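Observations on chain architecture
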Amino acid sequence: MEFKTFVFYFLAVIMVVAALRVITVRNPVHAALFLVLTFFNAGGIWLLLQAEFLAITLVMVYVGAVMVLFLFVVMMLDINLDRIREGFWSYLPVGALVGVLMLIEMVMVLGGRYFGLDAMPAPPAAQAGFSNTRELGRVLYTDYVYPFELASLVLLVAMVAAVALTLRKRRGVKYIDPAEQVAVRREGRVELVKMAAEKE
Amino acid sequence: MQAMLQPVADLFGPSWPAVWTLIKIVAIVAPLMGAVAYLTLAERKVIGYMQVRIGPNRVGPMGLLQPIADGVKLLLKEIIVPSGSNKGLFILGPILAIAPALAAWSVVPFSEGLVLANVNAGLLLLLAITSMEVYGVIIAGWASNSKYPFLGSMRAAAQMVSYEVSMGFALICVLLISASLNLTDIVHSQGQGRFHEMGLSFLSWNWLPLLPMFVVYLISGIAETNRAPFDVVEGEAEVVAGHMVEYSGMTFALFFLAEYANMILVSILTSVLFLGGWLSPFGFLPDGFHWLALKTALILFVFLWARATFPRFRYDQIMRLGWKVFIPVTLIWVFVVAVWMMSPLSIWK
């Protein structure tokens with residue numbers, strides 16, 4: 001077995017086990033941490049595919065930022081597991097149906113007919129000095145610049161909408177404005193008064 | 001060198017690349033740990049002198065053996081795992097704190113060709129690895145199952161994510177003008193230009209055209225490593241010691257090692273990205289690792305200086321600085337640099 005194959009199976013086994021643990025583990029914080037492990041191993045597998053930019057971005061965005069905030073929220077929530085599990089058996093048929101449908105779709109699309117080695121032979125090895133990042137950037141900002149900008153616009157709108165939905169300005173509350181506090185200058189607070197010394 | 005090592009390489013056969021890499025890793029980590037140990041001494045001495053004290057002076061000549069005494073003490077102390085804690089994660093916390101702090105060193109170039117892994121996307125890899133540092137703190141705080149550690153870890157999560165954004169934008173400026181993610185190339189790109197030809201190389205380094213980014217990066221670096229005045233995560237006056245409250249002995253020492261290793265990492269990165277790495281400041285002096293060491297030491301001194309000088313920020317002020325000051329400034333500066341590069345005034349042709 002080639003060393004690369006060994007690395008692939010090593011990462012893949014950990015990833016699959018971690019992904020299973022995400023949905024089977026009882027503690028939500030553990031589940032989130034297993035999801036982090038899954039992302040990390042997915043990044044490793046992408047590295048094997050020579051997609052280093054995507055792999056590192058996956059780790060940076062999902063592990064470094066998204067999951068941190070996710071954990072932040074999950075840790076603060078008081079989750080009652082028994083309440084969540086109450087309707088398990090009644091929801092199971094619907095859930096299983098959706099799951100099976102998704103599985104069939106994925107098998108049809110990702111099966112050997114389209115993604116087998118005959119249909120999609122391994123790409124030629126990149127020559128030395130090939131920069132994955134540069135190539136991706138070139139494609140994104142030239143060939144696909146409009147779809148790319150459109151996607152970023154949609155994200156921006158979503159972001160503004162999320163902020164606008166949660167923004168709430170209450171009047172008449174004693175709320176600290178750090179900007180105002182930082183902007184304080186001595187002249188605004190202290191007044192030096194010059195006066196003659198008092199003599200008896 | 002290669003010919004000299006050939007007999008040893010033959011001895012190990014096909015496993016030689018792995019062994020050779022391990023040797024290189026030890027050659028990086030061992031001096032790093034030494035530097036961390038003596039950075040703690042330097043910190044106590046520097047702050048001591050700034051506060052007109054003497055600092056540690058009992059163990060060994062001039063207190064020089066103090067870090068070793070500290071290390072032995074921490075090694076011999078008992079590790080107490082609180083009974084209400086989540087035991088597995090409680091042990092995992094410090095490990096996750098130190099692992100990224102060491103892994104990040106794999107792509108740091110020390111001198112011409114002296115780097116463990118000269119990867120193309122080195123800068124990106126560094127960003128990814130350093131963004132994982134926060135997990136150690138969060139997991140430690142949560143697994144301790146105690147109020148203060150939990151508060152500390154919540155603060156850490158919010159603070160580190162916030163400052164990573166401005167740090168990332170500052171780095172985008174750097175890679176815009178050097179057109180590479182490879183750290184060695186970034187250093188090379190600083191060794192050219194008008195000032196370099198005049199022999200005043202230090203004026204052609206990135207810090208001058210990117211001065212606001214340099215400042216933002218340095219301050220974000222202090223915040224990212226949770227050092228004073230941004231150490232609300234530890235905040236001994238408010239949350240006692242944050243995520244480290246329940247830790248003792250070696251588990252505590254790992255957090256300590258990670259913090260100082262990160263400090264040195266941020267300093268060496270600032271030197272590589274903005275201060276020309278191993279390039280000498282004047283044309284008539286030869287380049288070399290000693291310049292990088294000197295620049296790193298200077299920045300580390302700034303870290304200690306800041307700690308001795310400024311009172312701790314309040315938490316909401318930290319958030320304001322990160323989101324309302326640094327991110328707009330860096331965003332605008334990315335734009336300015338991009339336009340500058342495309343204009344006829346560009347100095348990076």
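Residues numbered from 1 in each chain as written. Chains lettered and ligands numbered in written order. Predicted model: local features only at pLDDT ≥ 70, side-chain atom pairs only at ≥ 80, totals over all residues. Heavy atoms only, no water.

Some thoughts on the overall build of chain A
Along its length, chain A carries 10 helices and 0 strands. Along chain A, helices and strands appear, N-terminal first, in the series α-α-α-α-α-α-α-α-α-α. In terms of overall size, chain A is more extended than a compact globule, its C-alpha atoms giving a radius of gyration of 28 Å where 200 residues would be expected to give roughly 16 Å. In terms of principal-axis extent, the alpha carbons of chain A reach across some 105 × 55 × 35 Å. Looking at chain A as a whole, 18% of its 200 residues qualify as buried. Relative to all contacts within chain A whose residues are 6 or more apart in sequence, the contacts with residues 24 or more apart total 54%. Averaging the positions of the 18 positive and the 16 negative side-chain charges in chain A gives two centres separated by 6 Å. (Helix = DSSP H or I, 4+ residues; strand = E, 2+ residues; numbered from the N terminus. Rg over C-alpha atoms; globule rule 2.2 N^0.38 Å. Buried < 20%, exposed > 50% of the residue type's maximum accessible area, 1.4 Å probe, protein only. Contact = heavy atoms within 4.5 Å. Lys, Arg positive; Asp, Glu negative; His and termini not counted. Charge placed at Lys NZ, Arg CZ, Asp CG, Glu CD.)

As for a nonpolar patch on the surface
Residues and elements named next belong to chain A. Taken together, the side chains of Leu-97, Val-100, Leu-101, Ile-104, Met-106, Met-108, Val-109, Leu-110, Tyr-114, Phe-115 and Met-120 define a hydrophobic patch exposed on the protein surface, amounting to about 1100 Å² of accessible area. Counting residues per element, the ones that place at least two in the nonpolar patch are α5 (88-110) and α6 (112-115). For the nonpolar patch, the element with the most residues is α5, which contributes 8 residues. Mapped onto the secondary structure, Tyr-114 falls in helix α6. Its relative accessible area of 43% is what places Tyr-114 among the partly exposed residues. (Patch = residues over 30% accessible without salt bridge, like charges linked within 9 Å, V, L, I, M, F, W, Y side chains within 5 Å. Areas by Shrake-Rupley, 256 points an atom, 1.4 Å probe, with all protein chains shown as cover. Salt bridge = Lys/Arg side-chain N within 4 Å of Asp/Glu carboxyl O.)

Quick look at empty space enclosed by the protein
Residues and elements named next belong to chain B. For the structure shown, the criterion picks out 2 cavities of 30 Å³ or more. Lining the largest cavity are 15 residues, and of these Val-137, Thr-225, Asn-226, His-243 and Glu-259 lie nearest its centre. Of the residues that constitute the lining of the largest cavity, the class distribution is 7 nonpolar, 4 polar and 4 charged. As a volume, the second largest cavity reaches approximately 150 Å³. What lines the second largest cavity is a set of 17 residues, and nearest its centre among them are Leu-126, Thr-130, Met-167, Tyr-217 and Leu-269. Those elements giving two or more residues to the lining of the second largest cavity turn out to be α5 (122-131), α7 (147-178), α10 (211-224) and α11 (249-274). Its residues assigned to classes, the lining of the second largest cavity comprises 10 nonpolar, 4 polar and 3 charged. (1 Å grid on protein atoms, 1.4 Å probe; cavity = no way out; pocket = protein on both sides within 12 Å on 5 of 7 lines; lining within 4 Å. Points joined across faces, edges and corners; volume = space filled by probe spheres on them. Nonpolar A, V, L, I, M, F, W, Y, C, P; charged D, E, K, R; others polar.)

Considering the packing of aromatic side chains
Residue and element names in this part refer to chain B. Under the definition given, this model contains 18 aromatic pairs over all chains. Between the aromatic rings of Phe-214 and Phe-274, the centroid separation amounts to 5.6 Å while the plane-to-plane angle is 50°, which identifies the pairing as tilted. A residue pair is termed long-range when its members are at least 10 positions apart, and Phe-214 in helix α10 and Phe-274 in helix α11 qualify at 60 residues. A single burial state applies to Phe-214 and to Phe-274, both of which are buried. Among the aromatic residues, those joined into a ring-pair cluster are Tyr-163, Phe-230, Phe-313 and Phe-326. Seen from the ring of Trp-205, Lys-295 lies directly overhead, with NZ or CZ sitting 3.9 Å from the centre. (Phe/Tyr/Trp six-rings, centres within 6.5 Å; stacked < 30°, edge-to-face > 60°. Lys NZ or Arg CZ within 6 Å of the ring centre and 35° of its normal.)

Notes on the packing of α10 of chain B against helix α12 (residues 289-309) of chain B
Residues and elements named next belong to chain B. For the pair α10 and α12, the least separation of the axes is 11 Å and the interaxial angle reads 65°. Two packed elements cross with a definite hand, and for α10 against α12 that hand is right-handed. Here Leu-218, Gly-221 and Ile-222 of α10 lie close against α12, whose contacting residues are Ile-299, Val-302, Phe-303 and Ala-306. (Axes fitted to C-alpha atoms, helices over the stretch in contact; angles between N-to-C directions. Left-handed = near helix turned anticlockwise from the far one by under 90°.)

Thoughts on the confidence of the model for chain B
Residue and element names in this part refer to chain B. When the pLDDT values of chain B are averaged, the result is 85; 99% of them are 70 or greater. The least confident element of chain B, judged by mean pLDDT, is helix α1 (residues 2-12) at 72; the most confident is α12 at 90. Overall fold confidence (pTM) sits at 0.85, and the ipTM for the predicted complex is 0.82. (pLDDT = per-residue confidence, 0-100.)

So, the confidence of the model for chain A
Caution is warranted with low-pLDDT regions, since their predicted coordinates should not be read in detail. Taken residue by residue, chain A gives an average pLDDT of 85. The fraction at 70 or more is 97%. The spread of mean pLDDT over the elements of chain A runs between helix α4 (residues 81-85) of chain A, the lowest at 71, and helix α8 (residues 145-166) of chain A, the highest at 93.

What to know about α7 of chain B
Residue and element names in this part refer to chain B. Compared with the 46 Å implied by 1.5 Å per residue over 32 residues, the 46 Å span of α7 between its first and last C-alpha is a close match. Burial analysis of α7 places 23 of its 32 residues in the buried class, the great majority of the element. With its phi angle positive at about 55°, Ala-179 sits one or two positions after the end of α7. (Expected span 1.5 Å × (residues − 1).)

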